[in-house]
Amino acid sequence: MLDILKAVGKWLALVVVLVVVLLGGALGFMYTQVEPGDLPAYAVSFGDEQLPQTGYHWSVPIAGDWLHRTLSQEDKAADLGEVTDGRPALTLPAGTEGRLTITDEAGETVFEGTADEYASFSFGQNGVYTARLTVSPQVNEFNPTTRMEGYCLYEFTFRLNARPTLTLSHTSMVQGGVIGVRLTGVMGDVTPTLSCELAPAVFTFHEGAWISYIPVDYNQFGGDYEITATAGDQTVSATVNVYGREIRELDTYTIDGTAAIPYIGSVPGQLEDVMTICDPDIYWNGAFTQPVSGKVVRDYAVMEYTDRIDELTLSIYPELAVLNEQIVPRRSVNVTMAVTPGKKVLAPAAGRVVYAGIAGSAGRTVVIEHGCGLKSILYLLGRIDVSEGEYVAQNDVLGTTQGHITCEMRLYDIPISPWEAWRGQGALMWQG
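In what follows, the accompanying structure is described. (Residues numbered from 1 in each chain as written. Predicted model: local features only at pLDDT ≥ 70, side-chain atom pairs only at ≥ 80, totals over all residues. Heavy atoms only, no water.)

## Thoughts on the pairing of strand E13 (residues 178-184)
For E13, the buried fraction is high: 6 of the 7 residues fall into the buried class. Examined bridge by bridge, strand E11 (residues 165-168) and E13 share 4 bridges and lie antiparallel to one another. Its bridge partner being in E13, Leu 168 is matched across the sheet by Val 181. With 6 bridges joining them, E13 and strand E16 (residues 209-215) adopt antiparallel strand pairing. Looking at E16, one finds that Gly 180 is bridged to Tyr 213. (Buried < 20%, exposed > 50% of the residue type's maximum accessible area, 1.4 Å probe, protein only. Helix = DSSP H or I, 4+ residues; strand = E, 2+ residues; numbered from the N terminus. Pairing = 2+ DSSP bridges.)

Next comes the structure, spelled out in structure tokens:
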């Protein structure tokens, strides 16, 4: 019996040794099969350049949590050459997170933080910089664990030579239009300034660039106008040509009552302070909505003549032509429509309600600030359903109509044609 037990013990020992050998061989084989080519590789860009990967450090699980293989390598930093944007964007692939450190020529750290924190960073001066970026799989509630732990390394140097670049949405613009301005390559936290004979305008920082919109008044003289942006001690300019809008005329007659179409030729006194509001944000995104549909009875920028003697009468009584010459036309700065009472009036785009009340003879009025001084003004409402200070989304109901409604858009208190915005065209759809 003892001999049998010894034999069984030897057999079990042999089995254990064989299992250990086989398991060890399998684990060893698996360990050696992990190659650098199996490691993650991420497409990362800085400014306009895709960064070459210069190293990695990964802990690769071989058997559960108790056996890992570490692979690590670091090569010399890559040289990106010259970078001309004072805010070069850092772009990481989805599902990753980055940690970035930037030092200057003296070895002083000018930035250290996450990729998200870098989005609001701006270099203070030109010079040579060294950056060390690690990119790892993102761990969050949707991705609580990852198969590998570690990072890809991107170490690089670059020579920052930032120069402001001014870009215009258009090189020519009709009266009543809008010119978009985009300024890049600005260093530091100082807001650049904009000067132009057409209208006062300011910059707002939006999606990595300084953006502004310049209105062209309906009666602006035609010709070339210089737009100048100043950032610190650097100045850049561009030229835009303004040309005249096609002259359109409208005849109205008191004899048949059509001259009773409501006319609002200037901002009511109650709104003068409201027109100076200029929120530093861009609330709108894409095409505006026409607030209400109706028959256009007086369009933007038309010349309206009241009780002008018709051509047939003048052919019989030519001496009456002098009466027509004495009629002074009035130009419309908005769009007036005849509408069915009780129709919903919609917010043309997202924004902040800066006025909701009665504005003298303009009746019930709502003014929405869309950001950057751009406003939609709705006159002659039958009912108001919003309050001052309220933020509205596009297509939110502002109120209802009565017999007529007058729709107006102003930029820095200058009336502009709303049609391009309503059609999703023009500079207001442009951000460079």
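## Comments concerning a nonpolar patch on the surface
Among the surface-exposed residues, Leu 312, Ile 316 and Tyr 317 lie close enough to one another that they form a single nonpolar patch of about 340 Å² accessible area. As for its placement among the helices and strands, Ile 316 is situated in helix H3 (residues 311-316). (Patch = residues over 30% accessible without salt bridge, like charges linked within 9 Å, V, L, I, M, F, W, Y side chains within 5 Å. Areas by Shrake-Rupley, 256 points an atom, 1.4 Å probe, with all protein chains shown as cover. Salt bridge = Lys/Arg side-chain N within 4 Å of Asp/Glu carboxyl O.)

## Looking at unusual backbone geometry
Unlike most non-glycine residues, Glu 207 shows phi in positive territory, near 50°. For Glu 207, the position within the fold is in the loop between strand E15 (204-206) and E16.

## Looking at the nonpolar core
Formed by 65 residues in total, the largest nonpolar core has its most connected members in Ile 179, Leu 198, Tyr 213, Ile 214, Ile 227 and Ile 405. When residues no more than four places from it in sequence are discounted, the contact partners of Ile 214 are Gly 177, Val 178, Ile 179, Val 181, Leu 194, Cys 196, Leu 198, Ala 199, Ala 201, Ile 227 and Leu 411. Core analysis: the second largest hydrophobic core is formed by 31 residues, Leu 39, Leu 51, Val 83 and Ala 131 among them. (Core = buried A, V, L, I, M, F, W, Y, C linked by side-chain atoms within 4.5 Å. Contact = heavy atoms within 4.5 Å.)

## Thoughts on the packing of aromatic side chains
Taken as a whole, this structure holds 16 aromatic pairs when the rule is applied. Between the aromatic rings of Phe 123 and Phe 158, the centroid separation amounts to 5.9 Å while the plane-to-plane angle is 80°, which identifies the pairing as edge-to-face. Note that Phe 123 is positioned in the loop between helix H2 (115-118) and strand E9 (127-137) and Phe 158 in strand E10 (residues 149-160), a separation of 35 residues in sequence. Here Phe 158 falls in the buried class, since its relative accessible area comes to 1%. Relative to Phe 288, the ring of Trp 284 lies with its centre 6.0 Å away and its plane at 50°, an arrangement referred to as tilted. (Phe/Tyr/Trp six-rings, centres within 6.5 Å; stacked < 30°, edge-to-face > 60°.)

## Let's talk about the sheet that holds strand E14 (residues 193-196)
Taken together, the 4 strands give an open sheet; going across it, the order is E12-E18-E17-E14, and neighbouring strands pair in mixed fashion. Of all strands in the sheet, those with a lone pairing partner are strand E12 (172-174) and E14, marking the two edges. Strand after strand, the sheet turns through a mean of 30° between neighbouring axes, direction not considered. In the sheet, E14 pairs with strand E17 (residues 223-231) via 4 bridges, with the strands oriented antiparallel. Of the residues in E17, the one forming a bridge with Thr 193 is Thr 230. (Axes fitted to C-alpha atoms, helices over the stretch in contact; angles between N-to-C directions.)

## What to know about the sheet that holds E11
Spatial ordering of the open sheet is given by E11-E13-E16-E15, a layout of 4 strands whose pairing is antiparallel. Looking at the sheet topology across the chains shown, the edges are occupied by E11 and E15. Recorded for the sheet is a direction-independent mean angle of 30° between the axes of neighbouring strands.

## A closer look at the pattern of salt bridges
Should their charged atoms come close, side chains of opposite charge can pair. On inspection of all chains with the given rule, the structure shows 13 salt bridges. Across the salt bridge formed by Arg 132 and Glu 74, the nearest N and O atoms sit 3.2 Å from each other. Within this pair, whereas Arg 132 is found in strand E9, its partner Glu 74 is found in strand E4 (residues 67-74), the two being separated by 58 residues in sequence. Across the salt bridge formed by Glu 155 and Arg 132, the nearest N and O atoms sit 3.5 Å from each other. Residue Glu 155 is found in strand E10, and its partner Arg 132 is found in strand E9; the two are separated by 23 residues along the sequence. Relative accessible area serves as the criterion here: at 29%, Arg 132 is assigned to the partly exposed category. When salt bridges that share partners are traced, they join Glu 74, Arg 132 and Glu 155 into one network.

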